[in-house]
Amino acid sequence: MESKSALVTGGAGFIGSHVADRLLAAGYAVTIIDNLSSGRRENLPAAARFVEADITSPEAAAVVRDGGFDVMCHLAAQIDVRRSVEDPAFDAHVNILGTLNLMEAIRTASPHTRVIFSSTGGALYGSFAEPPSGELVPKDPEAPYGIAKLAVEYYLAYYGRVHGIDTVALRYGNVYGPRQDPHGEAGVVAIFCNRLIDGRALTVYGDGTQTRDYVYAGDVAAANVLAASVTLPEPGRLDARAFNIGTGVETSVNALAESLKRAAGSTSALEYAPARAGELQRSALDVSKSKGELGWTPSVSIDDGLAETFRWFSAFRAGARA
Ligand SMILES: NC(=O)c1ccc[n+]([C@@H]2O[C@H](COP(=O)([O-])OP(=O)(O)OC[C@H]3O[C@@H](n4cnc5c(N)ncnc54)[C@H](O)[C@@H]3O)[C@@H](O)[C@H]2O)c1
């Protein structure tokens, strides 16, 4: 039987490389598009075909048009929330226009391709409701990064309704794990790991009671693979094809720091600094829809995931010094 084919944009990055690994393991022929702006060649799985291209370019659109892929996992993005505040036009250029470049290629030349978009739960929902937030709570993105993700979700719902394109939005919590870098939404895990390795104190902004929903990268990759093949209801309005990918568990920065210190066997101190303006106090995602409709459930506990992540950073840093 001929294998299914997948395009992974951003496949040289942190989460995208895990998605590519899992798709290959599930038997997909995988092509990766990445401009290596934050991704690394070392993250690319050897069995994948790699095209170095920018998602805003005609070259990337041609890869989509010519590939006839069964699925496109779209992860390439400007991921730095603070950069989106400093330069919202750049953020929109990559995250909105780059996505439209790929979507138009699908609409015109590959309309059977299922699109799985990496959206955000952490930066999309406001603080209206008590966590955990379900997919239907009002959206109130704090920064241009979340605004762009929400805009793309509206476009995807439009492509579904009007053009019959099969689209899915996975709204991740704060994703952590091996290969992560400090700039993403769960950057604190990478920053703490590096500080523990260097024997330095961990800086906590505010009193450390603010919570996030930390989800392990391997679990996020598994959600992409399930979303690639599961039978879903007809596309509809915003939220119809959106799924929270988190754990439903709130973890405070203090608890995160203590768990990592245990994993590292470290006695590093916690240093408290003034809270950052505009930071949400609490965030967690209700994942019952993903469990019911995707058949997905997070499998890695925060303590096990942090220990694995710390081990990876230790090995990476040792290798980097060698
Ligand atoms: N890390 C998180 O906690 C988190 C949470 C919610 C959503 N997401 C989303 O998941 C996706 C992957 O994030 P990540 O944390 O792995 O970040 P990452 O920076 O490691 O991965 C992004 C990848 O996209 C590539 N890229 C960036 N701009 C590009 C462009 N114009 N053309 C082609 N490639 C480009 C980068 O080189 C990189 O390899 C993003 O869409 C991000 O918004 C991440």
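Here the structure is a predicted model, which means the values were calculated and not measured. (Residues numbered from 1 in each chain as written. Predicted model: local features only at pLDDT ≥ 70, side-chain atom pairs only at ≥ 80, totals over all residues.)

> Help me out: how do you make sense of the nonpolar core in this one?
One recurring pattern in soluble globular proteins: nonpolar side chains tend to sit buried together. In terms of nonpolar packing, the biggest core is built from 92 residues, with Ala 6, Val 8, Leu 170 and Leu 260 touching the most fellow members. With 8 residues, helix α7 (residues 217-229) is the single largest residue contributor to this core. Counting the residues that make up this core, at least three belong to each of domain 1 (5-174 + 214-245) and domain 2 (181-213 + 248-284 + 300-321). Excluding anything up to four places from it in sequence, Ala 6 contacts Leu 23, Tyr 28, Val 30, Phe 69, Asp 70, Val 71, Cys 73 and Ala 228. (Core = buried A, V, L, I, M, F, W, Y, C linked by C-beta atoms within 7 Å. Buried ≥ 20, exposed ≤ 12 C-beta atoms within 10 Å, placed from the backbone. Helix = DSSP H or I, 4+ residues; strand = E, 2+ residues; numbered from the N terminus. Domains from an automatic or database assignment. Contact = placed C-beta atoms within 7 Å.)

> Would you explain the environment of Arg 237 in this entry?
If you trace the backbone, Arg 237 turns up in the loop between α7 and β11 (242-245). Residue classification places Arg 237 among the exposed positions, given that 11 C-beta atoms sit within 10 Å. With 201 residues separating them along the chain, Arg 237 and Leu 36 place their C-alpha atoms 34 Å apart.

> Whenever I open this one, the sheet that holds strand β5 (residues 114-120) confuses me. Can you help?
Note on sheets: strands pair through backbone hydrogen bonds, and any given pair is parallel or antiparallel. Ordered by their spatial adjacency, 7 strands build an open sheet running β3-β2-β1-β4-β5-β6-β11, and the pairing between neighbours is parallel. Where the open sheet ends on each side, the last strands, each with one partner, are β3 (49-52) and β11. Strand-to-strand twist of the sheet, defined as the mean angle between neighbouring strand axes without regard to direction, takes the value 20°. Pairing of strand β1 (residues 5-9) with strand β2 (residues 29-34), which is carried by 5 bridges, proceeds in the parallel orientation. Bridge assignment links Thr 9 to a residue of β2, and that residue is Ile 33. Relative to β1, helix α1 (residues 14-25) is tilted by about 170°, and along the sheet it contacts β1, β2, β4 (71-74) and β5. Where helix α2 (residues 58-67) meets the sheet, its contacts fall on β1, β2, β3 and β4, and the angle it forms with β2 comes to roughly 165°. (Pairing = 2+ DSSP bridges. Axes fitted to C-alpha atoms, helices over the stretch in contact; angles between N-to-C directions.)

> Would you take a moment to explain the packing of helix α4 (residues 88-109) against helix α5 (residues 144-163) for this structure?
Helix packing geometry: the angle between the two helix axes and the distance between the axes. At a minimum axis distance of 9 Å, the contact between α4 and α5 shows a crossing angle of 15°. Our classification of the angle between α4 and α5 gives roughly parallel. Crossing geometry of α4 relative to α5 is assigned as right-handed. Between α4, through Pro 88, Asp 91, Ala 92, Asn 95, Ile 96, Thr 99, Leu 100, Met 103 and Arg 107, and α5, the contact on the second element is made entirely by Pro 144, Tyr 145, Ala 148, Lys 149, Ala 151, Val 152, Tyr 155, Tyr 159 and His 163. Looking at the contact of α4 with α5 residue by residue, the classes come out as 12 nonpolar, 3 polar and 3 charged. (Parallel < 35°, antiparallel > 145°, perpendicular 65-115°, else oblique. Left-handed = near helix turned anticlockwise from the far one by under 90°. Nonpolar A, V, L, I, M, F, W, Y, C, P; charged D, E, K, R; others polar.)

> Help me out: how do you make sense of unusual backbone geometry in this one?
Trans is the prevailing form of peptide bonds, just as negative phi is the prevailing case for residues other than glycine. The omega torsion of the bond from Pro 131 to Pro 132 falls at 5°, within 30 degrees of zero and hence cis. Take Pro 132: it is sitting in the loop between β5 and α5. Despite not being glycine, Leu 36 has its phi angle at roughly 60°, a positive value. Leu 36 gets classed as partly exposed once you count the C-beta atoms within 10 Å, which come to 15. Although it is not a glycine, Arg 179 adopts a positive phi angle of roughly 80°. In this structure, Arg 179 sits in the loop between β7 (174-176) and α6 (187-197).

> Help me understand the site of the ligand in this model?
Close to the ligand lie 32 residues, the nearest being Gly 10, Gly 13, Gly 39, Ala 77 and Gly 184. Elements with a contribution of two residues or more to the shell around the ligand: α1, β2, α4, β5 and β7. With 3 residues, the top contributor of residues to the shell around the ligand is α1. Of the residues that constitute the shell around the ligand, the class distribution is 14 nonpolar, 14 polar and 4 charged. In terms of domain composition, the shell around the ligand takes at least three residues from each of domain 1 (5-174 + 214-245) and domain 2 (181-213 + 248-284 + 300-321). (Near = placed C-beta within 6 Å.)

> Before we go on, may I ask you to explain α6 in this structure?
For the α-helix, the turn length of 3.6 residues means that residues three or four positions removed from each other point alike. Among all positions of α6, only Val 188, Val 189, Ala 190, Phe 192, Cys 193 and Leu 196 are buried. Looking one or two residues past α6, Gly 199 carries a phi angle of roughly 70°, positive in sign.

> Would you mind showing me how to read the domain arrangement of the protein chain here?
You can read the domains of the protein chain as domain 1 (5-174 + 214-245) and domain 2 (181-213 + 248-284 + 300-321). Relative to domain 2, the C-alpha centre of domain 1 lies at a distance of 26 Å. In this complex, domain 1 contributes 19 residues to the contact, which on the side of domain 2 involves 18 residues. Every element with two or more residues in the side of domain 1 that touches domain 2 is listed here: β10 (214-216) and α7. Here the side of domain 1 that touches domain 2 takes 3 residues from β10, the largest share from any one element.

> Whenever I open this one, the packing of α1 against α7 confuses me. Can you help?
Contact geometry for α1 and α7: axes closest at 8 Å, N-to-C directions at 55°. Relative to α7, the element α1 lies oblique. With respect to the hand of their crossing, α1 and α7 are arranged in right-handed fashion. Along its contact with α1, which presents Phe 14, Ile 15, His 18, Val 19, Asp 21, Arg 22 and Leu 23, the element α7 presents Ala 217, Gly 218, Val 220, Ala 221, Ala 222, Asn 224 and Val 225.

> Please clarify how the environment of Thr 251 should be interpreted in this entry.
Residue position: Thr 251 is located in strand β12 (residues 251-252). For Thr 251 and Val 175, which are 76 residues apart along the polypeptide, the C-alpha to C-alpha distance reads 13 Å. Those residues in contact with Thr 251 that lie beyond four places of it in its chain are Thr 211, Arg 212, Tyr 214, Leu 256 and Ile 302.

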